[in-house]
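Given next are the chains, with one letter for each unit.
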Amino acid sequence: MKHTIAILVEDQPGVMARVASLFTRRGFNIESIAVGHSEKEGISRMTIITSGDEKVLEQVTKQLNKLIDVIRVRDISPRNVIERELILVKVHTDSLSIRAEIIQLVEIFKAKVVYVERDTLTIEMSGDEEKVSGLLKLLKPFGIIEIVRTGRIAIARTKNNGQRT
Amino acid sequence: MELSGTEIIVESLKQEKVKVIFGIIGAAIMPLYDTFGKTEKLPFKNILTRHEQGAIHAADGYARATGEVGVCIATSGPGATNLVTGLANAYLDSVPLVAFTGQVPTYMVGNDAFQEVDITGITLPITKNNYIARRVEDLAPIIKEAFYIARSGRPGPVLIDLPKDVQQARCQFKYPDKINRKGYKPSYKGHVRQIKAAAKKIMEAEKPVIIAGGGIINANASEELQKVALKTNIPVVNTFMGLGSFPKNHPLSLGMLGMYGQYAANQTISSADLIIALGTRFDDRITGNLKQFCPHAELIHIDIDPVEIGKNIAVKIPIVGDLKYILHQLNDYLDERKNSSWLIEIKKIREKITPQLEEEKGELRPKYIIKCINEFFKGEAIIVTDVGQHQMWAANYCQFMHPRTFVSSGGLGTMGYGFPAAIGAKFGCPKKPVVCISGDGSFQMNIQELATAIYNRLPMIVVLMNNGYLGMVRQLQELFCDRRYVSTSLAGSPDFIKIVEGYGGVGFRVNKKEEFYPILEKAYEMNQFVLIDCQIPQEENTFPMVQPGSSINKMMGVEQS
């Protein structure tokens, strides 16, 4: 079972290494990891996608909480969350007709062509996992030259009373 | 007041009331040692060991014997990497340490400079936290935080890397009053509702047993443990790390459990219906085959580290917090009870098989040596051991009466730990007798510390159980490899008496049983460093034992114990 874990950490040197090393050492799996500054100064937010049963997840959460630089760990997967990933894909375009076909796909997926060369197109798209993998699947037959992904980020929806879930 | 980085370190150590530091100098840490030299009244003793591993084990032994934070110092590069085993050892046994390492100047860090090593990277998984001080202004807050983190919550080792230019830079010094780390708030008070639920469960159980682990000693909760056990007449088994937390001669004490534990302890917890686990992490050496561990029992688990709860064993009532505080509270919710039928059942288990300290004449055997140590010191000495068969003999047969009188490497099983740790324990407790029980294999792993012990005129006794083998592994080869003793013979060992004499100490060799007690007496009266080389049978085994992977109530060699 996949889990999205949101972690608040203090911006200390080596904090990424600490979190990553913990996953490796304890045999937990990282599917993707994304890090950036949070709304508070000196505090960063990490989004980690991991997999495992409830027991594994409990250990992951506790072991992360044990790190001094980690302020808070939340498993936000079962909650009401908005998840996004940004990808850049470079695709082969052998002929004009293929290029037209790809551009059509780009429009359907509300993606963007960000760079054009004689025989390639570079596409930018953001979306949830379903949308990202959907586009990639359809682009594959054309010949994908390169994919760059940011890793998923997630944010919890706000409840009616203004409290964060 | 404006101070240099190294002056800040000395002042900070003074503020933390550090009394002794163990270390070895080197180029990158020279500024700090130079400040020791310039300081008129150095507020702590500066002890030079002969290997950095000796330094950190000594700091560790000091910490375990006193309950205070141990401090050690090493230079950059190889000095720092020599601390690695000691840090891992302290981390696995939850020992509060602060280790300082020299580092190349900040402008050279990352360039593979001479004696540069990424020690914070290397020690990341074996320290509770570590730091590299990049600016002199950071030093005092880092040291304050390091000591606080090392000793609070579940204790552990912390490392501070000190680039040479940071040691030499100057800034205003003010030692912070407190630290505030958002991500570090150990919880001490257990949940009241859980404590009440635990009390109810304890009163309802028919066959309750307490497993007292090292957490009792770290929390200084021996007294509270005894109150709870005595009020409710619940038998107590100790984990290896918990030895000393409950007096071994008490009728409720069943001794150590686990792979090399007592038969009665293992049988008792196997038939229990309630386990009250206090400050233990259910290491595999305790549980044996997890699936068959305590099949009839529900579990109350009290520990300060939430990670340990539910890690290996499913828990009915988990309580996170400080054992001293929680046991005190729990005691209030408990009523007196007699437990008669359960205690009679245990008595029957014990009568079936009780470890006998053998009486036969002639051969000098390990259990007899321990018996003499018990008779002579009556549980008042600090017993420090190395790792191997002698360690298990000591753990099983020494009459531990008080917490912090058993100092030994548990989780990591570090051969070479015992002797330097005994040196540290003696520095920490100069008025208590310190006996280091070691083996001919372990002792040679840090034998160079003879210089530290003898030069500093430490009155201590090393009892060397000399069987010419790496005995514990030899035993496993005997049992599981058809006696193919590959690489376990220690042929080529030196004459230990001559070695000790070479360092200026005193050594005695004991071959016969009747010689041992008088020599132990004499050694103690000499009030100086004495090594007793005990020639024990080469193929003496540590029994009973549980075969690795087997259930703990199935013990081999029960008849021999």
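1. A few points about the confidence of the model for chain B
Okay, step 1: Here chain B shows a mean pLDDT of 95. Residues at 70 or above account for 98%.
Okay, step 2: Of the two predicted TM-score estimates for the complex, the pTM is 0.94 and the ipTM is 0.87.

2. Side note on the interface of chain A and chain B
Okay, step 1: Of the residues lining the interface, 16 residues belong to chain A; the matching set on chain B comes to 14 residues.
Okay, step 2: Only α1 (15–25), α2 (54–66) and β4 (70–75) of chain A provide two or more residues apiece to the side of chain A that touches chain B.
Okay, step 3: Residue contributions to the side of chain A that touches chain B peak at 5 residues, all from α2 of chain A.
Okay, step 4: Across the side of chain A that touches chain B, the residue classes break down as 5 nonpolar, 4 polar and 7 charged.

3. Observations regarding the domain arrangement of chain B
Residue and element names in this part refer to chain B.
Okay, step 1: Partitioning chain B into domains gives domain 1 (2–172), domain 2 (192–352) and domain 3 (366–549).
Okay, step 2: Each side of the interface is counted separately: domain 2 has 19 residues, and domain 3 has 18 residues.
Okay, step 3: Here the side of domain 2 that touches domain 3 is built from residues that sort into 9 nonpolar, 8 polar and 2 charged.

4. Here's the deal with helix α7 (residues 139–151) of chain B
Residues and elements named next belong to chain B.
Okay, step 1: In a regular helix each residue adds 1.5 Å, so 13 residues correspond to 18 Å; α7 covers 18 Å between its end C-alpha atoms and thus fits that length.
Okay, step 2: Among all positions of α7, only L139, A140, I142, I143, E145, A146, F147, I149 and A150 are buried.
Okay, step 3: Looking at the buried positions of α7, the neighbouring elements they touch are α1 (5–15), β5 (97–103), β6 (129–132), β7 (157–163) and α8 (164–168).

5. Comments concerning the packing of helix α16 (residues 366–377) of chain B against helix α23 (residues 513–526) of chain B
When two helices pack together, their arrangement is given by the angle between their axes and by how far apart the axes lie.
Residues and elements named next belong to chain B.
Okay, step 1: Contact pair α16 / α23: the axes reach a minimum separation of 10 Å and the direction vectors enclose 35°. For the pair α16 and α23, the crossing hand works out as right-handed. Counting all contacts with α16, which are made through Y368, I369, C372 and F376, the residues of α23 involved are K513, F516, Y517, L520 and E521.
Okay, step 2: In terms of residue class, the contact of α16 with α23 is built from 7 nonpolar, no polar and 2 charged.

6. Description of the sheet that holds β7 of chain B
To summarise the sheet geometry, strands pair through backbone hydrogen bonds and adopt either a parallel or an antiparallel arrangement.
All names here are of chain B.
Okay, step 1: With respect to topology, 6 strands assemble into an open sheet ordered β3-β2-β4-β5-β7-β6, the strand pairing being parallel. Single-partner strands in this sheet number two, and they are β3 (45–48) and β6. Across the sheet, the mean angle from the axis of one strand to that of its neighbour is 20°, orientation sign disregarded.
Okay, step 2: Bridge analysis of strand β4 (residues 70–74) against β5 gives 5 bridges, and the strand direction is parallel. The residue bridging I73 from the neighbouring strand is F100, located in β5.
Okay, step 3: Set on the sheet, helix α3 (residues 52–66) makes contact with β2 (20–23), β4 and β5; between it and β4 the angle comes to about 170°.
Okay, step 4: Helix α5 (residues 84–92) contacts β5 and β7 of the sheet and is inclined by roughly 150° relative to β7.

Rules used in this analysis
Residues numbered from 1 in each chain as written. Chains lettered and ligands numbered in written order. Predicted model: local features only at pLDDT ≥ 70, side-chain atom pairs only at ≥ 80, totals over all residues. pLDDT = per-residue confidence, 0-100. Contact = placed C-beta atoms within 7 Å. Helix = DSSP H or I, 4+ residues; strand = E, 2+ residues; numbered from the N terminus. Nonpolar A, V, L, I, M, F, W, Y, C, P; charged D, E, K, R; others polar. Domains from an automatic or database assignment. Expected span 1.5 Å × (residues − 1). Buried ≥ 20, exposed ≤ 12 C-beta atoms within 10 Å, placed from the backbone. Axes fitted to C-alpha atoms, helices over the stretch in contact; angles between N-to-C directions. Left-handed = near helix turned anticlockwise from the far one by under 90°. Pairing = 2+ DSSP bridges.

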